[in-house]
Amino acid sequence: MKRFYFTWVAVAAMLLLTACNGQKNNGHEAQELTGAGATFPMPFYNMVFEDYANNGGAKVSYGGIGSGGGVRNLKDGIVDFAASDAFLSDEEMAKMKPVVHVPTCMGAIVLAYNLPGVKTLNLAGDVIADIYAGKITMWNDPRLQSINAGVKLPAQKIIVAYRSDGSGSTFVFTDYLSKVSENWKKTYGSGKTVDFPVGQAAKGNPGVAGIIANTPYSIGYVGSEYAFAQKIAFANVKNASGAFITPSAASISAAAGDIPSDTRCSITNASGKDAYPISLFTWLIIYKEQNYSNRTKEQALATVDLLKHMLDPKVQSMTSKVHYAPLPEKAVKLSLENLKTVTYNGQPLLK
């Protein structure tokens with residue numbers, strides 16, 4: 001009887017171990033996925049990826065190395081997905097195998113600042129452009145003072161902070177500056193990296209946020225979450241309708257306009273009267289053909305399942321917990337259709 005008991009315990013233990021090591025993901029053994037890219041959506045991604053794994057999905061390892069680094073890793077075939085705040089241009093896509101862009105949430109680039117005694121600050125696009133061009137150098141410059149009536153701005157030099165790494169946040173910010181300042185467009189342009197003429201460089205949104213938090217009289221562009229998390233003040237920005245708008249879930253959502261079928265679009269300087277003007281989509285990008293770099297079909301299925309999960313209404317409702325905004329219904333619908341074009345050996349993975 002004792003031998004039978006111990007035998008039964010051993011069998012039960014083996015079954016439990018097998019169950020733990022073989023969690024199922026959409027009918028397949030749980031996989032481990034790797035992604036890299038944007039630091040802007042990291043708080044949202046970290047929350048969702050952990051919840052996904054805890055509920056039987058793939059374990060996701062994500063490295064916030066900047067949008068440019070993530071795209072390079074995908075191009076080299078060493079990750080399952082790249083994350084980017086900047087959609088790939090036609091020129092970039094021509095140098096890669098076909099990809100699918102799946103937006104995951106909306107957010108904002110805010111102008112965070114450290115001005116002792118100043119609780120509210122208004123900024124306009126042309127003023128921001130000239131601060132970053134080194135043309136406006138003092139906080140009490142007449143152009144700044146004119147849009148901040150009743151606010152005593154200090155007679156202190158402006159300390160500018162910007163991203164040192166290839167960054168989707170830089171792309172969105174400079175895309176906005178190129179729309180509101182002809183001088184910026186002609187002289188510096190837009191891109192993941194730009195030759196800023198003045199300022200201090202830092203890596204990632206956390207790096208720029210760190211400079212601002214610790215440096216009086218500084219200003220820099222960061223993802224809204226990092227300003228919220230470090231309790232750094234951020235400016236109201238004048239939009240295309242002439243209103244000074246505070247970034248919020250509502251004002252970010254108001255920036256969503258027409259979305260093309262491939263979801264690649266810029267929503268900076270949107271025309272909506274309530275739209276925050278430096279709003280954005282952020283994307284996960286995967287190869288349309290998933291059989292590359294010796295990846296298995298199970299990995300491919302897990303990748304598609306993860307992206308489908310990101311579009312789920314329950315996941316989208318989690319965006320506000322970390323100061324992002326959910327996708328509009330059209331973006332979700334288009335993305336689900338685009339995921340149906342993803343294949344493994346030419347066979348669709350999503351029915």
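No experiment lies behind these values; they were computed from the predicted model shown.

### Let's talk about the overall build of the chain
- Helix and strand counts for the chain come out as 14 helices and 16 strands.
- With respect to the principal axes defined by its C-alpha atoms, the chain has extents near 90 × 50 × 35 Å.
- Expressed as a percentage of its 351 residues, the buried residues of the chain come to 54%.
- Intrachain contacts of the chain at a sequence separation of at least 6 include 74% that bridge at least 24 residues.
- Surface summary for the chain: the accessible area is close to 15800 Å², and the carbon and sulfur share equals 53%.
- Positive and negative charge centroids in the chain, built from 33 and 27 side chains respectively, lie 3 Å apart.

### Here we look at the packing of aromatic side chains
- Summed over the entire model, instances satisfying the criterion amount to 21 aromatic pairs.
- Ring geometry for Tyr132 against Tyr221: centres 6.0 Å apart, planes inclined by 55°, an arrangement best described as tilted. Here Tyr132, found in helix 5 (residues 125-132), pairs with Tyr221, found in strand 10 (residues 218-223); they are 89 residues apart in sequence, far enough to count as distant. Here Tyr132 matches Tyr221 in class, with each residue buried.
- Seen in terms of ring centroids, Tyr287 and Tyr292 are 4.9 Å apart; in terms of plane orientation they differ by 75°. Their pairing is edge-to-face.
- You can call Tyr287 buried: its relative accessible area is 6%.

### Quick word on the environment of Phe196
- Within the fold, Phe196 resides in the loop between helix 8 (182-187) and strand 9 (200-202).
- Residues Phe196 and Lys179 lie 17 residues apart in sequence; the distance between their C-alpha atoms is 17 Å.
- For Phe196, the contacting residues outside a window of four places in its chain are Tyr132, Tyr162, Thr170, Thr174, Trp184 and Tyr221.

### Observations regarding the environment of Pro326
- For Pro326, the location among the structural elements is in the loop between helix 13 (313-316) and helix 14 (329-339).
- Separated by 219 residues in the primary sequence, Pro326 and Gly107 have C-alpha atoms spaced 8.7 Å apart.
- If we ignore the near neighbours within four places in the chain, the residues touching Pro326 are Met106, Ser253, Gln316 and Thr319.

### Side note on the confidence of the model for the chain
- Per-residue pLDDT for the chain has a mean of 91; in total, 92% of the residues score no lower than 70.
- Counting contacts from residues 1-28, a segment whose pLDDT is below 50, to residues more than four positions away or on other chains yields 18 contacts.

### Observations concerning the sheet that holds strand 12 (residues 236-238)
- Read across the open sheet, the 3 strands follow the order 7-12-13; overall the sheet is mixed. Each edge of the open sheet carries a strand with a single partner, namely strand 7 (122-123) and strand 13 (244-245).

### Quick word on the pairing of strand 6 (residues 99-114)
- Within strand 6, 16 of the 16 residues are buried, leaving the element largely enclosed by the surrounding structure.
- Sheet analysis places strand 6 next to strand 10, joined by 6 bridges and oriented antiparallel. Across the sheet, residue Val110 finds its bridge partner in strand 10, namely Val222.
- Two strands pair when backbone bridges link them, and strand 6 and strand 11 (residues 233-234) are joined in this way by 2 bridges, in the antiparallel orientation. Of the residues in strand 11, the one forming a bridge with Tyr113 is Ala233.

### Details of the environment of Ala58
- Checked against the element boundaries, Ala58 lands in the loop between helix 2 (42-54) and strand 4 (59-64).
- Its relative accessible area of 0% is what places Ala58 among the buried residues.
- Along the backbone, Ala58 and Glu32 are 26 residues apart, and their C-alpha atoms lie at a distance of 5.4 Å.

Here is what the cut-offs are and how they apply
- Per chain, the residues get numbers from 1 upward, laid out in the order the sequence is written.
- Given that this is a predicted model, residues contribute local features only at a pLDDT of at least 70 and side-chain atom pairs are listed and counted only at 80 or more, while totals for whole chains, interfaces and linings are drawn from all residues.
- Heavy atoms from the whole structure form the basis of all side-chain values; hydrogens and water molecules are not counted.
- A run of DSSP states H or I qualifies as a helix once it reaches four residues; a run of E qualifies as a strand once it reaches two. Both are numbered from the N-terminal end.
- The buried label applies to any residue whose accessible area, calculated with a 1.4 Å probe on protein chains only, is under 20% of its type's maximum; exposed applies above 50%, and partly exposed to all values in between.
- It only takes one pair of heavy atoms within 4.5 Å for two residues to be counted as in contact.
- Accessible surface area values rest on a Shrake-Rupley calculation with a 1.4 Å probe, where residue burial reflects the displayed protein chains alone.
- Under the counting rule used here, the positive set is Lys and Arg, the negative set is Asp and Glu, and His together with the chain ends is not counted.
- Charge placement uses NZ in Lys and CZ in Arg. For Asp and Glu, CG and CD serve respectively.
- Each aromatic pair joins two rings of Phe, Tyr and Trp (for Trp, the six-membered one) with centres within 6.5 Å, and gets the label stacked for planes under 30 degrees apart, edge-to-face for over 60, and tilted for any other angle.
- A score from 0 to 100, pLDDT tells how confident the predictor is in each residue.
- Each pair of strands is called paired provided DSSP finds at least two bridges between the two strands.

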